[in-house]
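Here is how the chains run, residue by residue.
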Amino acid sequence: MRRLFSVAVAAAAVAAAFAAVPAQAIRSPHVEVSADPARPPEVVAPIALLIDVNSGRVLFERQSHRRFVPASLTKIMTSYVAFELVKQGKLKLDASFPMRPETFRQWHRVGSTMFLENNSQTRVADLLEGIVTVSANDACVVLAEGVSGSVPGFTALMNAQARALGMRDTHYNTPNGWMDEGRTYVSAADLATLSTALITRHPDFYRRFYGHETMIWNGIKQRNHNPLYGAVPGADGVKTGFTNEAGYGLVGSAQRGGRRLMMVVGGYDRPQDRARDGAALLEWGFAAFDETPLFAPGAHLGSARVQGGTVASVGLVAARPLAMLVPHGQKVRPTLSIRYKGPLRAPIAKGQDVALLIVRAPGQPEARLPLVAAEAVPAGGMLDRLRDGFTAMVGR
């Protein structure tokens, strides 16, 4: 019978290194920042969320699972679907899609636009640049029709990706977020999940297409509406949104010294309030919490028993980096334990997810890190099974 094994991990080296990393001194101009974790900024948005991406910790939350109309925040998923298709080899960035006459009549100069011409052919890379940088509604529809043949076909892909990411409070009816009587909706928590996946799954595409302050297309220069660019050091995304139906929203992210924060706000009546609160949330997150790295990817953290393999145990390594956030100026001593259902049964592939590291510290939320097999363990033969039987008999 398989049992849940819990193994304590020696944490002296981790605890000794668990001195808080100094907060970054760089701050946005004209933003007052509190370094007290108990004193977040005054945010007027009805919906708000701030998370530390590396640790996954929620730093500020207000109705983060409340559904709301996203407007152009929808386009984060539009670009994510395209990135996924390119990664899978189903879409090429240098492929070109047409602006059909029907699409031109419906979307020419409607809202934010890339000014695509009737019967024009535009590369996927240029469409994505227009979608991300100038929030081009026309580019979204051209991309959707080019990829799937129709807008409903593309929104089906968007909703499939939302389900795969666990976005339970999200549904897409358009690829651009244009007003549709509330049939497109999201939550702040889901937008943070999506944007984190966008950055961590597609870092090269994120760097290539996000973070641009301006775009020139067909001789027309347009500015990105993201109020964080040029105002918050390290800001490189993600997307603004506005319609009369939705109000003003923002998904923003900034990275400093390897630490990344992600914030979502929605439901503003005025863009200046959105800009002020977005910057204040990010600055407070950087100032009030310090990041302490615990483990790098591939760090060897223990071993697990194996049954039916050529060896009796397998090494366990960190699947990804793990860091813990500590209120500024404080120190904590974490306790670590490894859990897995075992003995593990061979064969086991190298890199297979087989265990979980649990990290606890006083006053901190529990952190979890997937552990994978350090090496492959093939299925064993008769002598290996005899060894397992003897080990079980003597209770080892």
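Structural data are supplied above this passage.
Residues numbered from 1 in each chain as written. Predicted model: local features only at pLDDT ≥ 70, side-chain atom pairs only at ≥ 80, totals over all residues. Heavy atoms only, no water.

Draft legend 1. Representation of the nonpolar core. Within the largest apolar cluster, 58 residues are counted, with the highest numbers of intra-cluster contacts made by Met77 and Tyr210. When neighbours within four sequence positions are excluded, Tyr210 is seen to be in contact with Lys75, Ile76, Ser79, Phe83, Val132, Leu198, Phe205, Asp236 and Val238. Core analysis: the second largest hydrophobic core is formed by 28 residues, Val314, Leu322, Ile338 and Ala346 among them. (Core = buried A, V, L, I, M, F, W, Y, C linked by side-chain atoms within 4.5 Å. Buried < 20%, exposed > 50% of the residue type's maximum accessible area, 1.4 Å probe, protein only. Contact = heavy atoms within 4.5 Å.)

Draft legend 2. Inspection of the pairing of strand 8 (residues 235-243) at higher detail. The buried fraction of strand 8 is high, at eight of nine residues. Relative to strand 9 (residues 247-256), strand 8 is paired through eight bridges, and the arrangement is antiparallel. By the bridge assignment, Lys239 is partnered in strand 9 with Val251. Where strand 8 hands over to strand 9, the hairpin turn is made up of three residues, counted between the paired strands. (Helix = DSSP H or I, 4+ residues; strand = E, 2+ residues; numbered from the N terminus. Pairing = 2+ DSSP bridges.)

Draft legend 3. Quick peek at the packing of aromatic side chains. All told, the structure shown has six aromatic pairs when counted by the stated rule. Both rings, one in Phe83 and one in Phe209, keep their centres 5.8 Å apart while their planes meet at 25°; by these two values the pair is stacked. A residue pair is termed long-range when its members are at least 10 positions apart, and Phe83 in helix 2 (residues 75-87) and Phe209 in helix 8 (residues 203-209) qualify at 126 residues. By relative accessible area, which is 1% here, Phe83 ends up buried. Since its relative accessible area comes to 2%, Phe209 is described here as buried. Relative to Tyr248, the ring of Phe242 has its centre 4.1 Å away and its plane inclined at 20°; by these criteria the two rings are stacked. Accessibility expressed as a relative area gives 17% for Tyr248, which makes it buried. (Phe/Tyr/Trp six-rings, centres within 6.5 Å; stacked < 30°, edge-to-face > 60°.)

No statement about biological role is implied by the geometric values presented.
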